[in-house]
Amino acid sequence: MNAPFLKHDRRTSEVWQRLALVTDPELDESVTDLGFVEHVTVDDDGDVDIVFRLPTYWCSANFAFLMADDMCRAVSSLSWVREARPQLRDHMVAEQINLGVREGRSFADALKEFAPGGSLDELRDKFRRKAFERRQEVMILALRGLGYEDPEICRMSLRSFDEVEFASPDVARQKPRYRELLIEAGLACLPEDRTFVTYEGAPIKRHELASYLQRLRGVRINMEFNSSLCRGLLAVRDRGLSDGNPGRTPSPCGGCGSRCAASSGSP
């Protein structure tokens, strides 16, 4: 294989690696793992086209815009990329989202009808919190499974946390993801900072841990339910595409919260 083809393959691989870091904001799962991204095209000038589909025609407009915007940002961070062009397909407002992201518009400007009243930054923070709490529960329960007592967990430093090794592949995968959000939110940065605090940065006291975990369990169950629903709808959609009939799945994906089907004017 000659140099141009090797370069092309490398660049395509780099794009997929960046896309793997983009998550569905509600499910906290990678858009590539969920199967949303269908294909990537890289041309010689550094332009990148990313085709993706969501589980239903009615999936929340604000979630769809967030994912498209995050894909654009993630891929554009590659030094050789001239332009990243996410292309949402088979969605009620795909045209508005694609144009809005490509032109760098805000969500409110691109889709005024669907603007939730707050900024996308507020929406991002809402789902960042949910992701933080879901990952945090995984780590606390895993530490309990290794024999750590609740007082040890509540006062565990970042240094001590970094030294813990987990045998479970899923827990080992979530460890750096939890740490990443902990640092990103400014909740810990020094080796002696506490590893487990609330999203507001308050310490979790030993006698509060049981009730705190109960609330985190509710967050996880909600996210797991929505994830299962989305995967099921995605499977139905993919079967329709493989049969040559890209029909619309009959119901909106879970947790939409934006009255998206009603607002679309679609039957």
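Residues numbered from 1 in each chain as written. Predicted model: local features only at pLDDT ≥ 70, side-chain atom pairs only at ≥ 80, totals over all residues. Heavy atoms only, no water.

## Observations concerning unusual backbone geometry
Here is the rule: In this description a helix means any DSSP run of H or I spanning at least four residues, a strand means any run of E spanning at least two, and both kinds are numbered starting from the N terminus.
One non-glycine residue with positive phi stands out, namely aspartate 28, at about 55 degrees. For aspartate 90, which is not glycine, the phi dihedral falls at a positive 55 degrees. The topology assignment puts aspartate 90 in the loop between strand E5 (83–89) and helix H3 (94–102).

## Considering the packing of aromatic side chains
The cut-off we apply is this: In this analysis, rings of Phe, Tyr and Trp, with Trp reduced to its six-membered ring, are considered paired at centre separations within 6.5 Å, and the interplanar angle assigns stacked below 30 degrees, edge-to-face beyond 60, and tilted for intermediate values. Only protein chains enter the calculation, and the probe is 1.4 Å; a residue is then buried if its accessible area is under 20% of its type maximum, exposed if over 50%, and partly exposed in between.
For the structure on display, the rule yields eight aromatic pairs. Between phenylalanine 132 and tyrosine 178, the aromatic rings sit 5.3 Å apart at their centres with planes inclined by 35 degrees, giving tilted as the arrangement. Separated by 46 residues along the polypeptide, phenylalanine 132 in helix H5 (residues 120–145) and tyrosine 178 in helix H8 (residues 169–184) bring together distant segments of the chain. Each member of the pair, phenylalanine 132 as well as tyrosine 178, carries the same accessibility label: buried. Geometrically, the ring pair formed by phenylalanine 161 and tyrosine 178 is edge-to-face, given 6.1 Å between the ring centres and 80 degrees between the ring planes. Here phenylalanine 161 is found in helix H7 (residues 158–163), whereas its partner tyrosine 178 is found in helix H8, with 17 residues between them in sequence. Here the two residues phenylalanine 161 and tyrosine 178 agree in accessibility, since each one is buried.

## Considerations on the pattern of salt bridges
Using the following cut-off: A side-chain nitrogen of Lys or Arg and a carboxyl oxygen of Asp or Glu constitute a salt bridge if their distance falls within 4 Å.
Under the definition given, this model contains 25 salt bridges. A salt bridge links arginine 73 to aspartate 69; the shortest N-O distance between them is 3.0 Å. Note that arginine 73 and aspartate 69 are positioned in helix H2 (residues 61–76) at a spacing of four residues, about one turn of the helix. Relative accessible area serves as the criterion here: at 53%, arginine 73 is assigned to the exposed category.

## Remarks on the pairing of E5
Convention followed: In this description, strands pair whenever DSSP reports at least two bridges between them. If you view a crossover with the strands going away from you and the path from the first strand over the helix to the second runs clockwise, you call it right-handed.
Taken together, the seven bridges between strand E4 (residues 47–53) and E5 define a ladder with parallel strand orientation. Bridged to valine 51 within E5 is glutamine 87. The parallel pair E4 and E5 is bridged by H2, and the resulting crossover is right-handed.

## Observations concerning the sheet that holds E5
Operational definition: Note on geometry: axes are C-alpha line fits, over the in-contact stretch for helices, and angles between N-to-C directions span 0 to 180 degrees. Should any heavy atoms of two residues lie within 4.5 Å, those residues are considered in contact.
Across the sheet, three strands lie side by side as E3-E4-E5; this open sheet has mixed pairing. Because the sheet does not close on itself, it has two edges, and the strands there are strand E3 (37–42) and E5. Mean inter-strand twist for the sheet, computed between neighbouring axes without regard to direction, equals 15 degrees. Across the sheet, H2 is in contact with E3, E4 and E5; its angle to E5 comes to roughly 155 degrees.

## What about the pairing of E4?
Counting buried positions along E4 gives seven out of seven residues, so the element sits mostly inside the fold. As judged from the five bridges shared by E3 and E4, these two strands associate in the antiparallel manner. When the sheet's bridge partners are listed, valine 42 is paired in E4 with valine 48.

## With respect to the packing of H2 against H3
Cut-off, in case you're wondering: By the definition used in this description, the sense in which the near helix is turned from the far one sets the handedness, with an anticlockwise turn below a right angle giving left-handed and a clockwise turn giving right-handed. Note on residue classes: Ala, Val, Leu, Ile, Met, Phe, Trp, Tyr, Cys and Pro are nonpolar, Asp, Glu, Lys and Arg are charged, and everything else, Gly too, is polar.
Where H2 contacts H3, the axes come no closer than 10 Å and their chain directions differ by 35 degrees. The crossing of H2 and H3 is right-handed. Counted together, Ala61, Ala64, Phe65, Ala68, Asp69 and Cys72 of H2 and Ile97, Gly100 and Val101 of H3 form the full contact between these two elements. Its residues placed into classes, the contact of H2 with H3 shows seven nonpolar, one polar and one charged.

## Re the packing of H5 against H8
As a reminder, the rule being used: We call two directions roughly parallel when the angle between them is under 35 degrees, roughly antiparallel when it is over 145, roughly perpendicular when it lies between 65 and 115, and oblique otherwise.
Two numbers describe how H5 lies on H8: the axes approach to 9 Å, and their chain directions differ by 130 degrees. Here H5 lies oblique to H8, going by the angle between them. The element H5 and its partner H8 pack so that their crossing is left-handed. Contacts between H5 and H8 involve Arg128, Ala131, Phe132, Arg135, Gln136, Val138, Met139 and Ala142 from the former and Val171, Gln174, Lys175, Arg177, Tyr178, Glu180, Leu181, Leu182 and Glu184 from the latter.

## Points about the layout of surface pockets
Selection criterion: Whether a set of points on the 1 Å grid over the protein atoms alone is a cavity depends on a 1.4 Å probe fitting there but being unable to get out, while an open set qualifies as a pocket with protein on both sides within 12 Å along at least five of seven lines; lining residues are those with an atom within 4 Å of a point. Grid points are joined across faces, edges and corners, and a volume is the space filled by probe spheres set on the points.
In this model, the largest pocket occupies a volume close to 950 Å³. For the largest pocket, the lining is made up of 33 residues, of which Leu21, Val22, Thr23, Asp28 and Arg135 are closest to its centre. Where the lining of the largest pocket is concerned, the elements lending two or more residues are strand E1 (23–24), strand E2 (29–30), H2, H5, H8 and helix H9 (209–242). Tallied by class, residues from the lining of the largest pocket come to eleven nonpolar, four polar and 18 charged.

Nothing here speaks to function; it is geometry throughout.
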